[in-house]
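Chain residues, written in single-letter form:
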Amino acid sequence: MLQLKHIFKSYKVGDNVTHALDDVTISFRDQEFVAILGPSGSGKTTMLNVIGGLDRYDKGDLIINGKSTKNFKETDWDAYRNNTVGFIFQNYNLIPHLSIIANVELGMDLSGVPAKKRREKALNALTQVGLKEHINKRPNQLSGGQMQRVAIARALANDPDILLCDEPTGALDTETSVQIMKLIKKLSKDRLVIMVTHNPELAEQYATRIVNFQDGKIRHDSQPFEPQEENDQFNLKRTKMSYW
Ligand code: ADP
């Protein structure tokens, strides 16, 4: 359902050029739970941002459900980000002065979902992560693990096909990290999950596939996968993917 083909991405700061992604080719399937490991600066976050449409690749192609993104316009990227991917970050990125439910509704606000529907979807997502009783609290009234659950609910509200997680347990203690990993594992039953992590033990225990990065390249992939034309493409069970 998701393929990176010879993706290159570099950053130029002054005269310095960093090759953050250096010819990355990899395919992912629906319902995989992929952990991305590797040293700091090896390109993990860059790959996540490129996959999520937060950052543009320089060369190569990102193929979503068999469709090239080479000629994507900004409006196509916006639609893709709003409808197909959800993000979770290490520091939760919640808005402190908004209630929990308002935080979850906020993403949908930008994607034009009507208010009543927003509330319904937000409640549903917060129920899925076990926070139904806390919807009117502010983020600072919750524990770290609960705040990460709110962030997960926000990412889930639009029922994304792809969930991208950048160090989601990086700020949590071991016990809470295990709870969050279990929750994300459960969510991967319905979607592709790609998670950057610094924790090889949690990755081994919960992920279905481990990919190691080094110097902008994939050094090891525990379950490499080559799509066989149409049969292996993501099935179009979700009609919202048909906006191209
Ligand atoms: P990782 O997630 O593995 O720690 P990153 O993808 O964040 O690695 O970074 C890969 C390389 O690209 C690093 O050398 C980093 O300094 C550089 N880099 C990432 N983002 C930027 C940016 N916005 N501007 C300049 N350099 C960047």
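Refer to the structure presented above.
One structure accompanies this document, and this report is about it. (Residues numbered from 1 in each chain as written. Predicted model: local features only at pLDDT ≥ 70, side-chain atom pairs only at ≥ 80, totals over all residues.)

Taken together, Tyr11, Val13, Thr18, Ala20, Gly38, Ser40, Gly41, Ser42, Gly43, Lys44, Thr45 and Thr46 form the complete shell of residues around the ligand. For the shell around the ligand, the element with the most residues is helix α1 (residues 44-51), which contributes 3 residues. In the shell around the ligand, the residues fall into 3 nonpolar, 8 polar and 1 charged. (Near = placed C-beta within 6 Å. Helix = DSSP H or I, 4+ residues; strand = E, 2+ residues; numbered from the N terminus. Nonpolar A, V, L, I, M, F, W, Y, C, P; charged D, E, K, R; others polar.)

What follows deals with the sheet that holds strand β7 (residues 162-166). In space, the 6 strands of this open sheet follow the order β6-β7-β8-β3-β9-β10, with mixed pairing throughout. Looking at which strands have only one partner, the edges of the open sheet turn out to be β6 (85-89) and β10 (217-221). Direction aside, the axes of adjacent strands within the sheet are offset by 20° on average. Here strand β3 (residues 33-37) runs beside strand β9 (residues 209-214); their pairing, made up of 4 bridges, is parallel. Counted as the bridge partner of Leu37 is Asn212 from β9. Seen against the sheet, α1 touches β3, β7, β8 (192-196) and β9 and runs at an angle of roughly 150° to β8. (Pairing = 2+ DSSP bridges. Axes fitted to C-alpha atoms, helices over the stretch in contact; angles between N-to-C directions. Contact = placed C-beta atoms within 7 Å.)

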